[in-house]
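# Structure assessment
Here are the chains, one letter per residue:
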Amino acid sequence: MNTKKPFEKVVAEHGPTVLRVCRAVLGEHDADDAWSETFLAAMRAYPELPADANVQAWLVTIAHRKAIDVTRLRRRAAVPVGEVPERASTLGVPGALDHELQDALGGLPDKQRRAVALHYLGGLAYAEVAELLGGTADASRRAAADGMRALRLAYAIPERTGAGK
């Protein structure tokens, strides 16, 4: 019989992946809220999740939907600020963001950014990415490949043979 892990272990195991997806889609400022919302929603639904389900794919799907919610909310509301900081402090933040990479991700078209986040950071297969973004697995593969190519150019990542395949 296949038994499910306690939810605390699920959070510990998959929390970093979910945070990477949220940060790639939303940027660092909104990612923490989306991460929290993801695990609140997951905690409510976890008892009904089949024991043999792909938990990581399930969580990444929830995170993607929460990121869409945050994006929609952000488009509707103005965010007043007194002064714009040059850069947020990363002191004491484990796995602090690489701002150049985050800027390069932010410069990608929405579909490419989401395809890169879901496939490369979230570990979803292209068919699963297609279900979330709409379209086909081939279109998702193309969007992710185009996004990675643009990142390599913008971020000056050297081309690696067979990377990401």
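For clarity, every value in this text was computed on a predicted model and none was experimentally measured.

Bringing the overall build of the chain into the picture now. Scanning the chain for helices and strands turns up seven helices and zero strands. Helices and strands appear in the chain in the N-to-C order α-α-α-α-α-α-α. Relative to its 165 residues, the chain shows a buried fraction of 37%. For the chain, the proportion of contacts with a sequence separation of at least 24, taken over those separated by at least 6, is 65%.

This part is about the nonpolar core. Judged by nonpolar contacts, the single largest core of 40 residues is most densely connected at Trp58, Leu59, Leu118, Leu124 and Leu151. Those elements that place two or more of their residues in this core are α1 (7-26), α2 (28-45), α3 (55-76), α4 (99-106), α5 (110-121), α6 (126-133) and α7 (137-155). If one sorts the elements of this core by residue count, α3 sits on top with nine residues. If near-sequence neighbours (up to four positions away) are discounted, Trp58 is found in contact with Ala42, Ala45, Tyr46 and Leu49.

To continue, consider the packing of aromatic side chains. By convention here, two paired aromatic rings are described through the distance between centres and the angle between planes. One pass over the structure, following the stated rule, counts four aromatic pairs. Aromatic pair Tyr46 and Trp58: ring centres 6.3 Å apart, planes at 40 degrees, arrangement tilted. Residue Tyr46 is found in the loop between α2 and α3, and its partner Trp58 is found in helix α3; the two are separated by 12 residues along the sequence. Overall, the relative accessible area of 19% leaves Trp58 in the buried class. In this arrangement the basic side chain of Lys4 is found over the ring face of Tyr46, its NZ or CZ atom lying 4.4 Å from the centre.

Under the defined criterion, the tally for this structure stands at six salt bridges. For the salt bridge of Lys5 with Glu13, the shortest nitrogen-to-oxygen distance reads 2.2 Å. Given a relative accessible area of 42%, Lys5 falls into the partly exposed group. Overlapping salt bridges bring together Asp110, Arg113 and Arg114 as one network.

The next thing to look at is the packing of α1 against α5. Packing of α1 against α5 brings their axes to within 9 Å, and their N-to-C directions diverge by 165 degrees. With respect to α5, the axis of α1 lies roughly antiparallel. Read as a crossing pair, α1 and α5 show a hand that is right-handed. Contact residues: α1 offers Thr17, Arg20, Val21, Ala24 and Val25, while α5 offers Arg113, Arg114, Ala117, Leu118 and Leu121. Partitioning the contact of α1 with α5 into residue classes produces six nonpolar, one polar and three charged.

Moving on, we get to the confidence of the model for the chain. Summing up the model confidence of the chain, the mean pLDDT is 82 and the portion of residues at 70 or higher is 80%. Confidence scores differ between elements of the chain, with α4 showing the lowest mean pLDDT of 76 and α6 the highest of 92. Note on residues 160-165: pLDDT is under 50 here. Beyond four places in sequence and across chains, it has four contacts.

Turning our eyes to something else, we now look at α3. Its 22 residues place the ends of α3 32 Å apart at the C-alpha level, agreeing with the 32 Å of an ideal helix rising 1.5 Å per residue. Restricting attention to buried positions, one finds in α3 the residues Val55, Ala57, Trp58, Leu59, Val60, Thr61, Ile62, Ala63, His64, Ala67, Val70 and Thr71. Considering only its buried residues, α3 is in contact with α1, α2, α5 and α6. Put simply, Asn54 is the residue that caps the front of α3, since its side-chain oxygen is 3.3 Å from the backbone nitrogen of Gln56.

Here the focus is α1. Turn by turn, an α-helix covers 3.6 residues, leaving residues three or four places apart pointing in a common direction. In this model, α1 (20 residues) spans only 25 Å end to end at C-alpha, well below the 28 Å of a helix rising 1.5 Å per residue. His14 marks the point of greatest bend in α1, at about 50 degrees, and the proline Pro16 comes within the next four residues. Just downstream of α1, Gly27 is the residue with a positive phi angle, here 95 degrees.

What counts, and at which threshold
Residues numbered from 1 in each chain as written. Predicted model: local features only at pLDDT ≥ 70, side-chain atom pairs only at ≥ 80, totals over all residues. Heavy atoms only, no water. Helix = DSSP H or I, 4+ residues; strand = E, 2+ residues; numbered from the N terminus. Buried < 20%, exposed > 50% of the residue type's maximum accessible area, 1.4 Å probe, protein only. Contact = heavy atoms within 4.5 Å. Core = buried A, V, L, I, M, F, W, Y, C linked by side-chain atoms within 4.5 Å. Phe/Tyr/Trp six-rings, centres within 6.5 Å; stacked < 30°, edge-to-face > 60°. Lys NZ or Arg CZ within 6 Å of the ring centre and 35° of its normal. Salt bridge = Lys/Arg side-chain N within 4 Å of Asp/Glu carboxyl O. Axes fitted to C-alpha atoms, helices over the stretch in contact; angles between N-to-C directions. Parallel < 35°, antiparallel > 145°, perpendicular 65-115°, else oblique. Left-handed = near helix turned anticlockwise from the far one by under 90°. Nonpolar A, V, L, I, M, F, W, Y, C, P; charged D, E, K, R; others polar. pLDDT = per-residue confidence, 0-100. Expected span 1.5 Å × (residues − 1). Polar contact = N/O pair within 3.5 Å; in protein donor to acceptor, adjacent residues only side chain to side chain. Bend = angle between axes of the 7 residues up to and from the residue.

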